[in-house]
Structures are given as structure tokens and as C-alpha cells.
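Letter by letter, the chains look like this.
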Amino acid sequence: MVSQTVCLFFNMRVLHLSTASTWRGGEQQLAYLLEELRQENVQQFVLCRKNSAMQAFCEEKGFRFFAANKSSSIDPRYSRSCAVYVRRFEPHIVHAHDSHAHSLALYSRLFWRPSLRLVVSRRVDFPVGNGLAARWKYSNSEVRRILCVSGAIQQVMSESVDPSMLDVVYSGIDMQRMSAEPDGRLRKLADVPPKTKLVGNVAALAPHKDYPTFLKTAAAVVESGKDVHFFIIGKGELEDEMKYFADNLGIGRRVAFCGFRDDIPTILPELDVFLITSETEGLGTSILDAFACEVPVVATAAGGIPELVIDNVTGLLCKVKHSTELAKAIIAILDKPKEADLYTKNALKHLEGFKRSATAAKTLSIYRNILKQEHISV
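Here the structure is a predicted model, which means the values were calculated and not measured.

When helices and strands are tallied, the protein shows 14 helices and 13 strands. Relative to a compact globule of 378 residues, whose C-alpha radius of gyration would be 21 Å, the protein shows 22 Å and is just as compact. C-alpha extents for the protein along the principal axes are approximately 65 × 45 × 40 Å. Taken across its 378 residues, the protein has 54% of its residues classed as buried. Pairs at least 24 apart in sequence give 71% of the contacts found in the protein among residues at least 6 apart. Entry remark: accessible area of the protein is about 17,100 Å², with carbon and sulfur atoms responsible for 50%. Positive and negative side-chain charges of the protein, numbering 47 and 42 respectively, have mean locations separated by a distance of 5 Å.

Shown next as C-alpha cells:
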């Protein structure tokens, strides 16, 4: 059902589309955008998946929403709901925040003919191709702009889409949220001795995060003789497989699988090194969180990560799937604390361009430019 929040008159109306059931980086970015645009007197409505984490967020924070059923990427119930709420809400902008939302908005246009002025967020760095389906989806006349979360994604998309349709809008973080004081709970969680160093990542256990390389890296560090414990913070379909893999590598007792945690700002600062081994990555907002918590970062040069981790400046960057190189980078940070401190100081400076307010300001500017080009006054 639609929330009963009473709304005053606002100038611009934006309908946000979200189809995810769980809460990951994209949903967090939508939440930040909703909160920031509320302060700019933008009237907003969210069409989300029924019983989703986004529905719970909207209920808690008082954002107007409708929760629709979705059982597949072409579920007609969701696309029809999109048509219904476009006509009811009459948004100036319809913003699709994930790939399924993008598809379903266009199906809505195809079958129920609502007028869309579509903005699409693109967060993944794999090519979309040049086939008929890709052209229909990404070069559709209803799509006004595609917001790429990194320059790497913009480059990939420019191979299939008119570059003039593309804008880079970096994800942002809430610096205030990441200012919690650590209390030792992460170390207690795995019963790790005080002198043992902690290395970890915060990410879903999904294929593109390449946790096999994470675990091979952990094995190489352990084999070097370093007293280190590793933490995998997140859930996903590969959890059981990765536990089995860790045991086979002989490091099962050195790796803690922590599951999903809602206390990241408190536990992240306990890490001595943040290790991300992604094979593909749109940007890597968990790296921004590590920067904010002043944790030195070792990362693979995947997707948009090099736009955050500048090698030997804001952290150490390694080749994708190169566990030996990643292990050496971790050992270097542990052995050279002065250099590690320099990386974290540089990373904090680099964060200035990645605040949630900057993300929202650029997004709002793009909305306004679209309307200006189409001679629509708000």
C-alpha cells in the first residue's frame, strides 16, 4: 500500500524505480539521493518491489511509495504499476535505478503507453553489446540520460551508446555515518588475539567479487608467516562454497564469515587492511567507506576501482586475479605503517569528490538540464 505521508507542493516531481529485493550498494545510493533531494524540495515517489528492503526504508523514513509484485525481469504487474503511477503522479523525471527497472519501464511504455522521460543509472562495467535488444533498451527515445557510476562504465557504454547520452555521476557516501567509534566487536566476534592483524572486505558473496582470489590471497599471507585473520563481511549465494574453499586451502580457522552486518561504521575501522579482489566493479563504494574510516586499501584494478585507488597514492592497486601480488601488497602495508598512514591521508582528501551531497547535486543538475532542453518549467 502507499504510505500516508502528507506532502506539500514541490516544484519538481521524480518517480524512482527500484526492483531489488535486498539492500546493496545501489539501494544505499538511492536512499542517499532520496534524502538529499528531499532537502531540495523535490517531490518524490518510489515504485519498489513488494516486501523489499527499499519498501522498509521508505516506510521508516516517510517517503511516498508503492510496492509492486515482481517475479521476473519482465513481470507485467510491475510494468503496469509503472504506467499507473506515471499517470497518477505525472513525474517530470522517471529514474530507473537498476537494469530490471530500466527494462520494465520500457515495457510499460510499450504496452500501456505512459509518457516517460527516463533517466537510467548504470552501475556495472560489462558491455551491453550492439544487438537489437540492447539498442532498444539503451538507445530508446524514452531514455534521456544514462548516469554512469564511473568513467570506466562511461567508456564501456560509449561503445554501444551515443556518448552524448552519458554522464559520470560518482556514488557518494555519508561521512557522518562513517564516524562511529570502534569498540572491538569485530575482533571479539572471531575471538582474535589483540596482536593479530585484521584484513577484510565488505561485499556480497557474488561471482564478480571474486572471493576465490580473496581466499588465495589470504592463504599466501598466512603462508608468509604473518599473524593475520581475515574477515568476509556480507552474504550471498557463494557463502557455503567459499567456506569449503577456505577449508581446502587450509585457512578455515583464519577466515571469519560474518554475514550481513548493519554496524559497518563501527566494525570497519578495526581493520588494518581493506582488501577488495573484484573481477569487475562499477566503482566500489565499500572502498569509499574504508577511506572514510582511514583503513588502508589493497584492491584489484577492476572497472572503476582505479578512479578511487590510485596506486601508491590512495592505496595499492594490483592486477585482477593476481593473489601473489595482492598478498605482497598486504604485507607491504603491514610492514610499512608510515606509508600506510600516507595512503589513508591521501584517501581522505580524495573523498571530497565522493560525498552524497555531491552525487545528489549533480543528479539534480542533470534532471534540470533535461527539462530545460525540453522547455519544461518547474
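What follows covers the environment of Val320. Looking at where Val320 falls in the secondary structure, it is placed in the loop between strand S13 (316–318) and helix H12 (323–335). Taking the relative accessible area as the measure of exposure, Val320 reaches 32% and is therefore partly exposed. On a C-alpha basis, the gap between Val320 and Phe291 in space is 21 Å, while along the polypeptide they are 29 residues apart. For Val320, the contacting residues outside a window of four places in its chain are Ser278, Glu279, Thr300, Ala301 and Ala302.

The next thing to look at is helix H3 (residues 76–89). For H3, which comprises 14 residues, the first-to-last C-alpha distance of 20 Å matches the rise-based estimate of 20 Å (1.5 Å per residue) to within 8%. When H3 is considered as a whole, its buried residues turn out to be Tyr78, Ser79, Ser81, Cys82, Ala83, Tyr85, Val86 and Phe89. Residues of H3 that are buried sit in contact with strand S1 (13–17), strand S2 (43–49), strand S3 (65–68), strand S4 (93–96) and helix H4 (99–112). In the segment just after H3, Glu90 is the residue with positive phi, at about 50°.

Before going further, it helps to spend a moment on the sheet that holds strand S7 (residues 166–168). As a general point, the strands of a sheet are linked pairwise by backbone hydrogen bonds and lie either parallel or antiparallel. Spatially, S3-S2-S1-S4-S5-S6-S7 is the arrangement adopted by the 7 strands of the open sheet, whose pairing is parallel. In this open sheet, the two edge strands, each paired with only one partner strand, are S3 and S7. Going from strand to strand, the sheet's axes swing by 20° on average, the running direction of each strand aside. Pairing of S1 with S2 involves 5 bridges; the strand directions are parallel. Paired with Leu17 across the strands is Leu47, a residue of S2.

A separate point is the packing of helix H8 (residues 211–223) against H12. At a minimum axis separation of 8 Å, H8 and H12 run at an interaxial angle of 55°. Judged by the inter-axis angle, H8 sits oblique to H12. In terms of crossing hand, the pair formed by H8 and H12 is right-handed. Residue-level contacts link Thr213, Lys216, Thr217, Ala220 and Val221 of H8 to Ser323, Leu326, Ala327 and Ile330 of H12. Partitioning the contact of H8 with H12 into residue classes produces 5 nonpolar, 3 polar and 1 charged.

The rules behind these values
Residues numbered from 1 in each chain as written. Predicted model: local features only at pLDDT ≥ 70, side-chain atom pairs only at ≥ 80, totals over all residues. Heavy atoms only, no water. Helix = DSSP H or I, 4+ residues; strand = E, 2+ residues; numbered from the N terminus. Rg over C-alpha atoms; globule rule 2.2 N^0.38 Å. Buried < 20%, exposed > 50% of the residue type's maximum accessible area, 1.4 Å probe, protein only. Contact = heavy atoms within 4.5 Å. Areas by Shrake-Rupley, 256 points an atom, 1.4 Å probe, with all protein chains shown as cover. Lys, Arg positive; Asp, Glu negative; His and termini not counted. Charge placed at Lys NZ, Arg CZ, Asp CG, Glu CD. Expected span 1.5 Å × (residues − 1). Pairing = 2+ DSSP bridges. Axes fitted to C-alpha atoms, helices over the stretch in contact; angles between N-to-C directions. Parallel < 35°, antiparallel > 145°, perpendicular 65-115°, else oblique. Left-handed = near helix turned anticlockwise from the far one by under 90°. Nonpolar A, V, L, I, M, F, W, Y, C, P; charged D, E, K, R; others polar.

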